[in-house]
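Observations on the model geometry
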Amino acid sequence: MARNEFSCDCNVIHEDAVNDVLSKMPNENIFNRLAFLFKLIGDTTRCRILFALDQREMCVCDLSNVLNMTKSSVSHQLATLRRSGIVKCRKSGKEVYYTLDDDHIFKLFEIGLEHIKERGV
């Protein structure tokens, strides 16, 4: 049987390391919200929407055209993303334009995309 070279065979607890991490550990609610955020952006269709909105502000009709999807399908996904604070919208006359909600979402998407492109993960 092959031995896992990355497993720890010691029984020593490094109390300073453990206490340091525990003192910074967010509560369970924060982790639940973080997991939910990653779950939301973990959908291929929503990733494609985020990519488009990462490039520029767009309306549902334009997004539908870019993604080759119905306006209804795109609207449904946008509603989910909007309720979760990932995208925001602004109305101009009869048109509604969508963008990424803030710089955090922009950075999160850009860093993820860069990681995939560089590492081939």
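Residues numbered from 1 in each chain as written. Predicted model: local features only at pLDDT ≥ 70, side-chain atom pairs only at ≥ 80, totals over all residues. Heavy atoms only, no water.

Looking now at helix 5 (residues 71-83). Given a rise of 1.5 Å per residue, 13 residues ought to cover 18 Å, and the 18 Å separating the end C-alpha atoms of helix 5 matches this to within 8%. Within helix 5, the full set of buried residues consists of Val74, Gln77, Leu78, Thr80 and Leu81. All buried residues of helix 5 project into a common sector of 160° when viewed along the axis, lining one side. Exposed positions of helix 5 whose direction lies more than 90 degrees from the buried face are Ser72, His76 and Arg83. The secondary structure elements touched by the buried residues of helix 5 are helix 2 (28-41), helix 3 (44-55), helix 4 (60-67), strand 2 (87-92) and strand 3 (95-100). Glycine 85 occupies a position one or two residues after helix 5 and carries a positive phi of about 80°. (Helix = DSSP H or I, 4+ residues; strand = E, 2+ residues; numbered from the N terminus. Expected span 1.5 Å × (residues − 1). Buried < 20%, exposed > 50% of the residue type's maximum accessible area, 1.4 Å probe, protein only. Arc of directions from axis to C-beta. Contact = heavy atoms within 4.5 Å.)

Taking strand neighbours across the sheet as the criterion, the three strands line up as 1-3-2 in an open arrangement whose pairing is antiparallel. Sheet topology places strand 1 (58-59) and strand 2 at the edges, where each strand pairs with a single neighbour. Alignment of strand 2 against strand 3, held across six bridges, turns out to be antiparallel. Within strand 3, the position partnered with valine 87 by the bridge is leucine 100. (Pairing = 2+ DSSP bridges.)

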